[in-house]
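# Geometric and topological summary
So you can see what is in the structure, the chains are spelled out below.
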Amino acid sequence: MTCDCESPDVDLDCCPRCDVSASCHHQEFSLVLQHGETWTYRCQICECLHGETDCWPMDCPQLTCQNAVQEPGDCCPRCVDTNPCANPLLLQAGGRDSSTSTCVYMGTTYGHGDTWVLETDPCTSCECKAGHICCSYSQTCAASRKLQ
């Protein structure tokens, strides 16, 4: 069923995102989020649930390296020596051909060098690098969304 929020006969039980009273406001930017929308804020995953914002800590992956670092602005520690997201020189080491490396995200397969924007957060873009998914959040994107 498609929800037409402009229709005066919209069934709010079937289309809770059409209920203006069920919307949430972003903690920092002038963004209005609808019921069911999720976003990342200060290393937390947040969701709008019937007009209330619910946030919980972001789960960080288990690391297997010995020299993990967590720099200011990073939500999770990361391996510097083995993470192509943090060390782009690894992708060029020894002339390794990464063209056959793929990444799978939400059921979609991406090739080495492919980029995409997250459907759940249009300010987060990702790139497939040698079989690793590398994502980054754009503060300027968030600021421009704030102005809309």
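The protein chain appears in an unreviewed UniProt entry as VWFC domain-containing protein from Pomacea canaliculata.

A few words now on the overall build of the protein chain. Each helix and strand in the protein chain was counted, giving one helix and twelve strands. When the helices and strands of the protein chain are listed from N to C terminus, the series reads β-β-β-β-β-β-β-β-β-β-β-β-α. Counting across all 148 residues of the protein chain, residues that qualify as buried make up 26%. When the accessible area of the protein chain is evaluated, it comes to approximately 9900 Å², of which 49% is carbon and sulfur surface.

For the rest of this paragraph, the subject is the pairing of strand S3 (residues 38–41). On a regular strand, one side chain projects to one face of the sheet and the next to the other, so that they alternate. Here S3 shows one buried face, formed by Trp 39 and Tyr 41, and one open face, formed by Thr 38 and Thr 40. Of the pairings in the sheet, the one linking S3 to strand S4 (residues 44–49) comprises four bridges and is antiparallel in character. When the sheet's bridge partners are listed, Thr 38 is paired in S4 with Glu 47. From the end of S3 to the start of S4, which pair antiparallel, there are two residues, and Arg 42 there has a positive phi angle of about 45 degrees.

This part is about the sheet that holds strand S11 (residues 124–129). Taken together, the three strands give an open sheet; going across it, the order is S10-S11-S12, and neighbouring strands pair in antiparallel fashion. Either end of the sheet is taken by a strand with one partner, and the two such strands are strand S10 (115–117) and strand S12 (132–137). Between one strand and the next, the sheet's axes are offset by a mean angle of 25 degrees, whatever the strand orientation. Both S11 and S12 contribute to a ladder of six bridges, which runs antiparallel. Counted as the bridge partner of Cys 126 is Cys 135 from S12.

The next point concerns the sheet that holds S4. Judged by pairing direction, the sheet is antiparallel, and its three strands sit side by side in the order S3-S4-S5 without closing on themselves. The strands lining the two open edges of the sheet, one partner per strand, are S3 and strand S5 (52–57). Averaged over all neighbouring strand pairs, the angle between strand axes comes to 30 degrees, with direction disregarded.

Positive phi, normally seen in glycine, also occurs at Cys 43, with a value near 65 degrees. Inspection of the secondary structure assignment puts Cys 43 in the loop between S3 and S4. The phi dihedral of His 50 falls on the positive side, at around 50 degrees, and the residue is not glycine. With respect to the element layout, His 50 can be found in the loop between S4 and S5. On the basis of relative accessibility, which here comes to 59%, the residue His 50 falls in the exposed class.

By definition, a disulfide links the sulfur atoms of two cysteines through a covalent bond. Going through the model one piece at a time under the given rule, you end up with six disulfides. In this model, Cys 43 is linked to Cys 75 through a disulfide, with the two sulfur atoms separated by 2.2 Å. In this structure, the disulfide formed by Cys 43 and Cys 75 twists by about -85 degrees around the S-S bond and is classed as left-handed. You can see Cys 43 sitting in the loop between S3 and S4 and its partner Cys 75 sitting in the loop between strand S6 (68–69) and strand S7 (78–79), a full 32 residues away along the chain. Residue class for Cys 43 comes out partly exposed when judged on its relative accessible area of 28%. Each disulfide pairs two cysteine sulfurs, and for Cys 103 the partner residue is Cys 128, the sulfurs being separated by 2.2 Å. Taking the sign of the S-S torsion, about 85 degrees here, the bridge from Cys 103 to Cys 128 comes out right-handed. Of this pair, Cys 103 sits in strand S8 (residues 102–105) while Cys 128 sits in strand S11, and the two are 25 residues apart along the sequence. Like Cys 128, Cys 103 is buried.

Parameters at a glance
Residues numbered from 1 in each chain as written. Predicted model: local features only at pLDDT ≥ 70, side-chain atom pairs only at ≥ 80, totals over all residues. Heavy atoms only, no water. Helix = DSSP H or I, 4+ residues; strand = E, 2+ residues; numbered from the N terminus. Buried < 20%, exposed > 50% of the residue type's maximum accessible area, 1.4 Å probe, protein only. Areas by Shrake-Rupley, 256 points an atom, 1.4 Å probe, with all protein chains shown as cover. Pairing = 2+ DSSP bridges. Axes fitted to C-alpha atoms, helices over the stretch in contact; angles between N-to-C directions. Disulfide = S-S within 2.5 Å.

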